[in-house]
Amino acid sequence: MRPGFLLLVVILVAAAAGICNGDGLQPGYYQQRCPQAEAVARGITWQRVSQNATLAAKLLRLHFHDCFVEGCDGSILIDSTPNNTAEKDAIPNLTLGGFDVIDEIKTKLEQECPGVVSCADIVALAARDSVSFQYQHALWPVFTGRRDGRVSKASEALANLPSPFLNYTGLTQSFASKGLDATDLVVLSGAHTIGVAHCNVVVKRLYNFTGKGDADPSLDPNYANFLRTKCPQNFSSSTTLQMDPNSALSFDTHYYLTVKQHRGLFQSDAALLTDPLSSYIVNILQNPRNFFPNFARSMIKMGDVGVLTGNAGEIRKNCHVIN
């Protein structure tokens with residue numbers, strides 16, 4: 001069976017039957033106890049994104065980094081203490097943003113429905129709503145009912161977040177450890193169509209890829225020359241690079257064209273072309289009709305990773321502090 005057919009089967013099955021969630025998450029979880037919860041989250045998120053379009057990438061990344069460490073439990077929001085260095089202070093998370101949006105939503109919901117809506121659900125809703133603002137409708141359903149975790153360790157972030165320097169095998173192993181497959185890997189990589197990165201993630205590809213003063217041969221030479229103008233060897237840590245040049249504020253399928261042109265910024269982007277299946281999926285996903293339904297499906301799957309429900313965890317009063 002061709003991988004393209006498999007991908008289309010995934011779309012048809014998801015569209016016809018919905019995504020079955022076995023961990024207690026459900027649509028409209030707050031309908032009885034806080035019916036305005038999702039509207040409040042959407043209203044604040046849309047207002048903030050309308051003022052600052054870069055927040056879409058930041059809130060989407062925040063959700064991803066939350067789910068890959070301890071599951072989607074809001075642990076990325078917890079502050080460090082004298083006795084514990086929390087996830088948010090791990091090196092891969094130091095450039096995260098959007099925390100203030102989560103705080104604004106939480107403050108409003110605590111005023112209206114004290115102790116009801118979890119920080120973990122707010123992160124998931126804000127990620128969806130920030131990306132959806134561009135289209136003025138929800139791009140995927142968010143199943144709610146997550147509870148907040150009580151553990152947040154920087155060491156777990158370092159151990160669980162997939163590095164932008166990974167090859168295809170490393171990427172698939174990282175995603176498989178979270179119950180996500182190769183299709184999810186390629187689909188969720190499409191989030192790189194928005195946002196920026198810093199020079200430290202690309203300088204090795206430009207100047208010393210194999211330790212011999214060489215460039216990564218998989219990187220388009222003209223694009224590499226352009227990147228060297230932005231990131232000299234004595235680069236500034238404040239310099240930013242568009243993940244998807246000329247499309248960094250538009251959530252679309254342009255990323256996959258960028259990857260096909262060998263202009264993906266990360267080694268992990270280039271790695272998608274090193275496997276026949278993932279390369280074929282990259283081709284398929286250049287069509288928006290394939291990308292958007294699959295992105296919805298993969299976001300639902302990712303949003304279900306390691307969730308706490310029922311009596312597990314807690315509902316934090318302050319997203320930064322365990323009760």
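Everything below is about the structure shown above.
Everything numeric here is computed off the predicted structure, so don't read it as measured data.

What is the right way to read the overall build of the protein from this model?
A tally of regular secondary structure across the protein gives 14 helices and 2 strands. For a compact globule of 323 residues, the expected C-alpha radius of gyration is about 20 Å, and the protein comes in at 19 Å, within 12% of that figure. On the principal axes, the C-alpha backbone points of the protein span a range of 60 × 50 × 35 Å. Looking at the protein as a whole, 52% of its 323 residues are labelled buried. Taking the contacts inside the protein whose residues are at least 6 apart along the sequence as the reference set, 75% of them involve residues at least 24 apart. Computing the positive centroid from 27 side-chain charges and the negative centroid from 28, the protein places the two 3 Å apart.

Looking at this structure, how should I read the state of the cysteines?
When the sulfur atoms of two cysteines share a covalent bond, that bond is a disulfide. Applying the stated criterion across every chain, the model contains 4 disulfides. Bridging Cys34 to Cys113, the disulfide has an S-S length of 2.1 Å. The sign of the 75° torsion about the S-S bond sets the Cys34-Cys113 disulfide as right-handed. Taken together, the residues Cys34 in the loop between helix 1 (3–17) and helix 2 (37–51) and Cys113 in the loop between helix 4 (99–112) and helix 5 (119–132) connect sequence positions 79 residues apart. Of the two residues, Cys34 and Cys113, neither departs from the other in class, the shared state being buried. Residue pairing for Cys119: its cysteine sulfur links by disulfide to Cys319, the two sulfurs lying 2.1 Å apart.

Help me understand helix 8 (residues 182–189), please; the structure alone is not making it clear to me.
Structural remark: α-helix, 3.6 residues per turn; residues separated by three or four positions point the same way. For helix 8, the buried fraction is high: 8 of the 8 residues fall into the buried class. Looking at helix 8, one finds that the buried residues are Ala182, Thr183, Asp184, Leu185, Val186, Val187, Leu188 and Ser189. For helix 8, the N-terminal capping position is held by Asp181, with its side-chain oxygen 3.1 Å away from the main-chain nitrogen of Thr183.

The rules we used
Residues numbered from 1 in each chain as written. Predicted model: local features only at pLDDT ≥ 70, side-chain atom pairs only at ≥ 80, totals over all residues. Heavy atoms only, no water. Helix = DSSP H or I, 4+ residues; strand = E, 2+ residues; numbered from the N terminus. Rg over C-alpha atoms; globule rule 2.2 N^0.38 Å. Buried < 20%, exposed > 50% of the residue type's maximum accessible area, 1.4 Å probe, protein only. Contact = heavy atoms within 4.5 Å. Lys, Arg positive; Asp, Glu negative; His and termini not counted. Charge placed at Lys NZ, Arg CZ, Asp CG, Glu CD. Disulfide = S-S within 2.5 Å. Polar contact = N/O pair within 3.5 Å; in protein donor to acceptor, adjacent residues only side chain to side chain.

Without other data, these values stay purely geometric and don't point to any function.
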